[in-house]
Amino acid sequence: MKRIVSLGLAAFAVLVCVLIVRTLTLHASSPDLSKLPPAPQVDTEAAAQHLSRAVQFQTVSHQDPAQDDKSIWAAQRAWLETTYPAFHQASSHELVGGGALIYQWKGSDPSLAPVILMAHQDVVPVAEETLNLWQAPPFSGAIRDGSVWGRGAIDDKGSLISIMEAAEALARQGFKPKRTIYLVSGQDEEVGGSGARDAAAALKARGVHAAYALDEGMAVIMDYPATHGPVAVIGVSEKGMVTLKVTARSAGGHSSAPPKDTAAVTVSKAVVAINDHGFPLQYKGLTQTSLKAVAPSMPFLSRLFVANDWLFAPLLIKTIGATDQGKATLHTTTAPTMLSASPKSNVLPAVAMARINFRIAPGDTPQSVLDHARRAVGNLPVEIDIEGVAQAPSPVSSTQSASYKTLEALAADISHAPVIPGLVTAATDGRSMVSVADDVYRFQPIQFHLKDIEMVHGANEHLTLTNLTAMVSFYERLIQASAG
Ligand SMILES: [Zn+2]
């Protein structure tokens, strides 16, 4: 008996040793900052004036492009041309598809793969009921309290203007890139991104293949949940999306003598079955890579759990999955969004329909989501089909490439925070570039608190002048480091 107890104790001691050694040997990557170009002097005042003016162009894109007032986009383009003369002199540009802009700043060495910088021209509308919440009118571009206010200040005119400011400053100094730089700016990112797809097709048709593309999507999160401190997250993949249409049919007729299950009941049962049959929460792939990368900055106990995820994965899933946002990073999400049936309360529906929107995690596909939903409903008499265009999750970009290392070093330098790769749970124009770039990264070099996400498509969107300065500086150095 004594022997068994001491064997047990010895085994336990070994386990504790293994856990601790694994925890202590988990190291953060230390980006090499030595090769970075020095931070430039940024004319923040001019950049702020320019961003203010850009916000005043109400480039609100609509689901039906016929509703877009194209003259506003044209005016914004013409304004870019007069505001950034040196860059427009140094580069050429063209309009493709329904209004996407492709700028080409030709490099002197055609053997080098080009780079693609991205920022979209359009914005989301301002909801009528939020108008009274705005501290400054949403399209005023007011500069006050150290910020530029208005729709698009962050998403995504902040990026567009910062890239322009950076390119203009460099062109004025006579900078000549060795590597070709493309600037791709879609006109309808907020309503599906056909412009970015057109631009990618145009680049592909002429044989362009870039080393990397950089778009919006992630930032320096100042209150990163796992560390409660700042962490710069570079998006290396984004989720896909599919909408399933669920249809049930039954004999219509008067509601006074209903059958046991009307089409409305059948479709409801199907929605509940699919919703209750969610995709399993999994701690793997990018979520795991991300957390491992940030673990060295976590408190000891959390670090121990992450370093020994072979043992603690269930606990990690429980912790990350405690919030809806956290849970979304662990699986393909299921969101029933639309229901329709009879047009009148005393008429039985002949057809009842539901729509369910899924955001697809890497590893799943639109087809596997469809199969999953069909299995979930079993024998219920419903039809399930994919509606509209489905998008597979984008491939996971490299974190070992020279371009990632450059982005990582720049992000570390501006944030003084750990830099980690992450999964973008929303959609960006960047996904269209996977066919014309080795890697696609999603990162806006701004400091962002989690609660700031609300203002991005909500009220009081504003970009601080500190962030604006950081962005201009970042893009200027990125162009120099990538193409100098
Ligand atoms: Zn955007």
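Residues numbered from 1 in each chain as written. Predicted model: local features only at pLDDT ≥ 70, side-chain atom pairs only at ≥ 80, totals over all residues. Heavy atoms only, no water.

Comments concerning the pattern of salt bridges
Next, step 1: Per the stated rule, a full pass over the model turns up 12 salt bridges.
Next, step 2: Note that E94 and R206 form a salt bridge whose closest N and O atoms lie 2.7 Å from each other. Of the two residues, E94 sits in strand β1 (residues 92–96) while R206 sits in the loop between α6 (194–205) and β7 (210–215), which places them 112 residues apart along the sequence.
Next, step 3: The salt bridge partner of R151 is E461, with a shortest N-O separation of 2.9 Å. Of this pair, R151 sits in the loop between β5 (147–149) and α5 (157–172) while E461 sits in the loop between α14 (453–457) and β19 (462–464), placing them 310 residues apart in sequence.
Next, step 4: With a relative accessible area of 1%, R151 lands in the buried category.
Next, step 5: Residue classification places E461 among the buried residues on the basis of a relative accessible area of 0%. (Salt bridge = Lys/Arg side-chain N within 4 Å of Asp/Glu carboxyl O. Helix = DSSP H or I, 4+ residues; strand = E, 2+ residues; numbered from the N terminus. Buried < 20%, exposed > 50% of the residue type's maximum accessible area, 1.4 Å probe, protein only.)

Some words on the coordination of the zinc ion
Next, step 1: Looking at the zinc ion, the protein donor atoms are H120 (NE2), D155 (OD), E216 (OE) and E216 (OE), and they sit 1.9 to 2.4 Å from it.
Next, step 2: Note that the zinc ion binds four donor atoms; their angles at the metal cover 56 to 145°, and the shape is irregular.
Next, step 3: For the zinc ion, the single-chain donor residues occur in sequence as H-x34-D-x60-E. In this pair, H120 is assigned in the loop between β3 (115–118) and β4 (143–144) and D155 in the loop between β5 and α5, connecting sequence segments 35 residues apart. Like H120, the residue D155 is buried in the burial classification. (Donors = N, O, S within 2.8 Å, 3.2 Å for Na, K, Ca; no water. Tetrahedral: all angles 85-135°; square planar, octahedral: opposite > 155°, others 65-115°.)

Things to note about the packing of helix α9 (residues 300–307) against helix α10 (residues 309–320)
Next, step 1: Remark: α9 packs on α10, axes separated minimally by 6 Å, with the N-to-C direction vectors making an angle of 115°. Overall, the two elements α9 and α10 adopt an arrangement that is roughly perpendicular. In this structure, α9 contributes L304, F305, V306 and A307 to the contact, and α10 contributes D309, F312, L315 and L316.
Next, step 2: A per-class count over the contact of α9 with α10 returns seven nonpolar, no polar and one charged. (Axes fitted to C-alpha atoms, helices over the stretch in contact; angles between N-to-C directions. Parallel < 35°, antiparallel > 145°, perpendicular 65-115°, else oblique. Contact = heavy atoms within 4.5 Å. Nonpolar A, V, L, I, M, F, W, Y, C, P; charged D, E, K, R; others polar.)

Some thoughts on the nonpolar core
Next, step 1: Among the nonpolar cores identified, the biggest contains 65 residues, and L80 and L214 are the most heavily contacted of them.
Next, step 2: Sequence-distant contacts of L80, defined by excluding residues within four places in its chain, comprise H88, L101, Y103, L160, I161 and M164.
Next, step 3: Listed in part, the 22 residues of the second largest apolar core include L370, A376, V377 and V382. (Core = buried A, V, L, I, M, F, W, Y, C linked by side-chain atoms within 4.5 Å.)

Examining the sheet that holds strand β14 (residues 351–360)
Next, step 1: Taken in spatial order, the four strands make up an open sheet running β12-β14-β10-β15, and their pairing is antiparallel. Since the sheet does not close on itself, it has two edges, and those belong to β12 (333–340) and β15 (382–391), each with one partner. Direction aside, neighbouring strands of the sheet carry axes that sit 20° apart on average.
Next, step 2: Bridging between strand β10 (residues 240–249) and β14 involves 10 bridges; their strand directions are antiparallel. Paired with V242 across the two strands is F358, which belongs to β14.
Next, step 3: Against the sheet, helix α7 (residues 263–276) touches β10, β12, β14 and β15, its axis set at about 15° to β14. (Pairing = 2+ DSSP bridges.)

Some points on the sheet that holds β19
Hydrogen bonds between backbone atoms are what pair the strands of a sheet, whose relative direction is either parallel or antiparallel.
Next, step 1: Here we have three strands laid out as an open sheet, ordered β4-β5-β19, and antiparallel in their pairing. For this open sheet the edge positions go to β4 and β19, each flanked by a neighbour on one side alone.
Next, step 2: Note that β5 and β19 share three bridges and pair antiparallel. Counterpart to V148 in the pairing with β19 is L463.
Next, step 3: Sheet strands touched by helix α15 (residues 465–483): β5 and β19. Its angle to β19, the strand with the most contacts, is close to 75°.

Looking at the side chain of K239
Next, step 1: By secondary structure assignment, the location of K239 is in the loop between β9 (229–238) and β10.
Next, step 2: Of the side chains with opposite charge, D364 comes closest to the buried, unpaired K239, at an N-O distance of 8.4 Å.
Next, step 3: At 2.5 Å, the side chain of K239 and the backbone oxygen of A328 are in polar contact.
Next, step 4: If near-sequence neighbours (up to four positions away) are discounted, K239 is found in contact with A328, H331, T333, R359, I360, A361, P393, L423, V424, T425 and A426. (Lys, Arg positive; Asp, Glu negative; His and termini not counted. Polar contact = N/O pair within 3.5 Å; in protein donor to acceptor, adjacent residues only side chain to side chain.)

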